[in-house]
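Structural overview for review
Spelled out from the first residue to the last, the chains are:
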Amino acid sequence: MAPPFLLDIILRERSNLLLQSSASDYRQYAKHLSSRVHRLRKTLKVRRRIPARSTGQSTEDASTSRKYSVHVPTAEELANDKRSVGLLLFTAERSWAHAMEWKATIENGSSDSVAAKKRHILSKLEKARKNAAALLEILSPGLKDWSPIEYLQCEAYASVLAGLAEFERRKYERAAESYAIAWVSLGGLIESIVGAETVSDDANDTADLYRDLLNRTVEPSLKFAARQIDENSRAETVGMIAIQQLSNSGRSERISELVRTAIGEKRSKNILAPGSDGRADALATVESVTWRNHSAPLKDAAIASAILIAREQEEKIASSDAASGFDDALLAWQDAVTAIDDAISEAESEDSQEIVQELYIVSTYTRYRLLTLRITRDLVLIKPLLKRALQKSKNGKISNNLSVARGIVRLYDEILMSVDEIAGLPGVASDDELSSGLAALQSFYKAERCATIASSSRDASSVETLALWTRADAYANAADVVALANADPDSPLFKIDVKDTTDRIERGKLYSHGLVSITKANSTSADKGLSKGFLIDQLSAFPGAIDVTKLVDLDINGSNPKIEPIPAKPVFFDIAFNYVGADDELKQDTSFTTHSASGNFTSASFTSVSTLSSNTTSPSVTSTEAKKTGWFWRR
């Protein structure tokens, strides 16, 4: 026998065909369902309509009613062929698709005959509810070939359609009761899949479809309807609301028995007794939250429970030094953020400004804790990487250290992104101390990032490396220590050692600057070709690489040593005090020269000097009033 057309088939077709949930999508979906109903009628050999008299109506009723009525499968037909259930399910789903088409048209801004369209929506939803209710009425005696899972699927589908119809009529008590039945039924279906010993991929996909229907349709509508009935229901979890409304529906025993039969007595307690795990009194433990100078009361039990779980998970981190200990706490805080976002969306739809403002404070509190914990986790991951980067590689390959440096830089990028997210939280921009502290924190981690890149450079003497050290030094100097101290004294986020980082970056900058200067000087000397000459001829230039064999041109092996005067600064010490002079006539004699053009003494020079030495009666020598000569005296 072919498998029945039940809830999982309906949900799969919705997910495949309703991609954008637009009016055209719902129209095409309705056409697809019409064709499936037509094929199914042809396969089962049933007519679309049957004569009214054959249905058991009296002649008097038949004259006032339509000539033909819709064929409704009987319990015997369902027992013989489960495919007969598709006639009712697809007909109900088609009516739902028509209603959603008109609803999407109204939401898109079409103002033409809105009242008529709403009446049409209610009519289609009522038709869908009646078809689903007819299926439940046929199945109520119980069929031996039907499993509890199949019954739960029909109960869930019928209750969702009934809840939607009552919700559109704004009959919130009936809507809450129907959605409570859907919540319990879907919970039992999900548990039947997840709790199995072996779960296939198709089963996981089916469980995801059930969760999507539960999270997007059933739970939001159930909580909204419960708040319309009683405002104090915000203090209760959605599970508590569902069990309370289920008891009011009059079908509690029937649904509870199906759930126990489908998944067992022990596993059914999580669904039928959601407050038994101790989370129901979360509001008594976490009555309010305080962030900076702002406090907000917690009125939603789901949010209070999520925050309480997140705090408990965060306390466990202290006993675990590994970074993996942060995962559970981060997931718990993320669940709290998701719960708050859902509550904000619901409050905004209700136009409750006071509740929205309180929820924004709670949202900032939870996101601040989440991002702070994420930064702490990243810093814990950086420590072993820094230790590995400082160790020398045994095989001498720089690429090993480069891979570690890439990991450190990637973590610093994530930290900077988290700091940016904190700066964008509601209420942070108006807090001057916290904003200044976050700006200093951002500069500090930017400095660490640049320093990591600079220290892992292949060429420490390159100008690019020096530029990175200079940029890191600028970021480190911009990290205001006072702003960090005043930002949030209780948070470990701002407890950092800026001075140690600044000193380390300054040392790296000076070291790189020295290497760049030497490299530049060497390259300049090589460009000028200084290494090809003798050092004594190039005293005004930086020597660069000195060749000790080319200090002075001595020409030891040559026969004619070359002696040339070199420019030198004179010695400012004259033992004769500039009183030794020469005769004017001798100075005017052109034959008296101290040096020849070639720098060698001539014989004429020695003759003039001997003649001068023998003339002891020269007035310039004997007279103490002779004019002063020398380097600083002129005639």
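Residues numbered from 1 in each chain as written. Predicted model: local features only at pLDDT ≥ 70, side-chain atom pairs only at ≥ 80, totals over all residues. Heavy atoms only, no water.

**Details of the overall build of the protein chain**
Spelled out, the test is: Here a helix means four or more residues in a row that DSSP labels H or I, a strand means two or more in a row labelled E, and each is numbered from the N terminus. For every residue, the accessible area obtained with a 1.4 Å probe (protein chains only) is divided by the maximum for its type, and the residue is called buried under 20%, exposed over 50%, and partly exposed between those limits. A contact between two residues is defined here by any heavy atoms of the two lying within 4.5 Å. Where accessible areas are quoted, they stem from the Shrake-Rupley method and a 1.4 Å probe; at the residue level, only the protein chains shown are allowed to cover.
Regarding its fold elements, the protein chain presents 24 helices and four strands. Counting all 635 residues of the protein chain, 39% fall into the buried class. Long-range contacts, defined here as pairs at least 24 residues apart, represent 65% of the contacts in the protein chain between residues at least 6 apart. Accessible area for the protein chain stands at about 37100 Å²; split by element, carbon and sulfur atoms hold 52% of it.

**Here we look at the nonpolar core**
For soluble globular proteins, nonpolar side chains are generally found buried alongside one another. The test is simple: Nonpolar core, defined: a set of buried Ala, Val, Leu, Ile, Met, Phe, Trp, Tyr and Cys residues in which side-chain atoms within 4.5 Å join the residues together.
With 78 residues, the main nonpolar core has Trp96 and Leu186 as its most contacted residues. Ranked by the residues each element gives to this core, the list is headed by helix α8 (residues 172-194), at 13 residues. In contact with Trp96, not counting residues within four places along its chain, are Arg14, Leu18, Tyr26, Tyr29, Leu125, Ala128, Leu161 and Leu164. Of all hydrophobic cores here, the second largest spans 58 residues; its members include Ala347, Tyr412, Val428 and Tyr445.

**A few points about helix α15 (residues 326-350)**
In an α-helix, one turn spans 3.6 residues, which is why side chains three or four residues apart end up on the same side. Convention followed: Expected helix span is computed as 1.5 Å times (number of residues minus one).
Across its 25 residues, α15 extends 36 Å between first and last C-alpha, which sits within 8% of the 36 Å expected from 1.5 Å per residue. For α15, the set of buried residues is Phe326, Ala329, Leu330, Ala332, Trp333, Ala336, Val337, Ile340, Ala343, Ile344, Glu346 and Ala347. On its buried face, α15 sits against α9 (201-229), α14 (301-315) and α16 (353-390). Looking at the residues trailing α15, positive phi occurs at Asp351, about 60°.

**Examining the pairing of strand β4 (residues 294-297)**
Applicable threshold: Here the rule is simple: two strands pair whenever DSSP picks up at least two bridges between them.
Here four bridges tie strand β3 (residues 288-291) to β4, and the two strands are oriented antiparallel to one another. Counterpart to Ser288 in the pairing with β4 is Pro297. Joining the antiparallel neighbours β3 and β4 is a turn of two residues, in which Arg292 adopts a positive phi near 55°.

**Regarding the packing of aromatic side chains**
For any pair of aromatic rings, the description rests on two quantities: the centre-to-centre distance and the angle between the ring planes. We apply this condition: The criterion for an aromatic pair is that two Phe, Tyr or Trp rings (for Trp, the six-membered ring) have centres within 6.5 Å, with stacked assigned to planes under 30 degrees apart, edge-to-face to planes over 60 apart and tilted to the rest. We call a charge positioned above a ring when the Lys NZ or Arg CZ atom is no farther than 6 Å from the ring centre and deviates by at most 35 degrees from the ring normal.
One pass over the full model with this rule turns up nine aromatic pairs. Judged by centre distance (5.2 Å) and plane angle (75°), the ring pair of Phe444 and Tyr445 falls under edge-to-face. Across the pair, exposure class does not vary: Phe444 and Tyr445 are buried alike. An aromatic cluster of three or more residues is present, and its members are Tyr26, Tyr29 and Trp96. Across from the ring centre of Trp96, 3.8 Å away, lies the NZ or CZ of Arg14, which sits over that ring. Arg254 extends its terminal NZ or CZ atom over the ring of Tyr151, reaching a point 5.3 Å from the ring centre.

**So, the pattern of salt bridges**
For the record, the criterion: One speaks of a salt bridge when a side-chain nitrogen belonging to Lys or Arg is within 4 Å of a carboxyl oxygen belonging to Asp or Glu.
Taken as a whole, this structure holds 23 salt bridges when the rule is applied. Residue Arg169 pairs with Glu126 through a salt bridge whose shortest N-O separation is 3.0 Å. Residue Arg169 is located in the loop between α7 (148-168) and α8, and its partner Glu126 is located in helix α6 (residues 114-139); the two are separated by 43 residues in the primary sequence. Look at Arg169 and you get partly exposed, because its relative accessible area is 29%. Glu126 sits in the buried class, given a relative accessible area of 15%. With a closest N to O distance of 3.1 Å, Glu448 and Arg504 form a salt bridge. Here Glu448, found in helix α18 (residues 432-455), pairs with Arg504, found in helix α21 (residues 498-528); they are 56 residues apart in sequence, far enough to count as distant. Residue Glu448 is classed as buried on the basis of its relative accessible area, which comes to 10%.

**Re a nonpolar patch on the surface**
Applied cut-off: Like-charged residues are merged into a patch within 9 Å and nonpolar side chains (Val, Leu, Ile, Met, Phe, Trp, Tyr) within 5 Å, provided each residue has over 30% relative accessible area and no salt bridge.
Taken together, the side chains of Ile536, Leu539, Val548, Leu551, Val552 and Leu554 present a nonpolar region at the surface, about 550 Å² in accessible area. Its relative accessible area of 65% is what places Val548 among the exposed residues.

**Regarding the packing of α14 against α15**
Stated formally: Axis geometry follows a simple rule: fit a line to the C-alpha atoms, using only the stretch in contact for helices, then measure angles between N-to-C directions, giving values from 0 to 180 degrees. For classification purposes, angles smaller than 35 degrees are called roughly parallel, those larger than 145 roughly antiparallel, those between 65 and 115 roughly perpendicular, and all remaining angles oblique. In this scheme, a crossing is called left-handed if the near helix is turned counterclockwise away from the far one by less than a right angle; it is called right-handed if the turn is clockwise. For this classification, the nonpolar set comprises Ala, Val, Leu, Ile, Met, Phe, Trp, Tyr, Cys and Pro, the charged set comprises Asp, Glu, Lys and Arg, and every other residue, Gly included, is treated as polar.
Remark: α14 packs on α15, axes separated minimally by 8 Å, with the N-to-C direction vectors making an angle of 165°. The orientation of α14 relative to α15 falls into the category roughly antiparallel. Regarding α14 and α15, the two cross each other, and that crossing is left-handed. Note on element contacts: α15 touches α14 through Asp328, Ala329, Ala332, Trp333, Ala336, Ala339, Ile340 and Ala343, opposite Ile303, Ala306, Ile307, Ile309, Ala310, Arg311, Gln313 and Glu314. Per-class residue counts for the contact of α14 with α15 are 12 nonpolar, one polar and three charged.

**Overview of the environment of Leu18**
With respect to the secondary-structure elements, Leu18 resides in the loop between α1 (7-17) and α2 (23-44). The spacing of Leu18 and Tyr29 is 11 residues in sequence and 7.2 Å in space, taken between C-alpha atoms. Sequence-distant contacts of Leu18, defined by excluding residues within four places in its chain, comprise Glu13, Asp25, Tyr26, Tyr29 and Trp96.

**Remarks on the confidence of the model for the protein chain**
Where we set the bar: Values of pLDDT, which run from 0 to 100, indicate the predictor's confidence residue by residue.
Scored by pLDDT, the protein chain comes out at a mean of 78, with 74% of its residues at no less than 70. Scored below 50 in pLDDT, residues 58-65 makes six contacts in the model with residues more than four places away or belonging to other chains.

**Description of the side chain of Lys223**
For Lys223, the location among the structural elements is in helix α9. Each residue touching Lys223, except ones within four places of it in the same chain, is listed here: Val238 and Glu346.

**Side note on the environment of Ser455**
The criterion, for reference: Think of a polar contact as two N or O atoms within 3.5 Å of one another; within protein, one of them needs to be a possible hydrogen donor and the other a possible acceptor, and neighboring residues in sequence only count if both atoms come from side chains.
Take Ser455: it is sitting in helix α18. By relative accessible area, which is 54% here, Ser455 ends up exposed. Separated by 13 residues in the primary sequence, Ser455 and Leu468 have C-alpha atoms spaced 9.1 Å apart. A distance of 3.0 Å separates a polar atom in the side chain of Ser455 from the backbone oxygen of Thr452.

**Considering the side chain of Gln245**
Checked against the element boundaries, Gln245 lands in helix α10 (residues 238-249). Beyond its immediate stretch of four places on either side in the chain, Gln245 contacts Glu173, Ala176, Glu177, Ala180 and Ile229.

**A few points about the packing of α7 against helix α11 (residues 252-263)**
Running from amino to carboxyl end, α7 crosses α11 at an angle of 140°, the nearest separation of the two axes being 9 Å. For the element pair α7 / α11, the angle class is oblique. Where α7 crosses over α11, the handedness of that crossing is left-handed. For the pair formed by α7 and α11, the contact residues are Pro148, Ile149, Tyr151, Leu152 and Glu155 on the first element and Arg254, Ile255, Leu258, Val259, Thr261 and Ala262 on the second. Its residues placed into classes, the contact of α7 with α11 shows eight nonpolar, one polar and two charged.

**Here we look at α11**
Between the first and last C-alpha of α11 there are 17 Å, a value that for 12 residues agrees with the 16 Å anticipated at 1.5 Å per step. At its buried positions, α11 is contacted by α7, α8, α10 and α12 (265-272).

**With respect to unusual backbone geometry**
Notably, Arg170 is not glycine yet its phi reads approximately 65°, a positive angle. The backbone phi angle of Arg292 is positive, close to 55°, even though this residue is not glycine. By the element assignment, Arg292 lies in the loop between β3 and β4.

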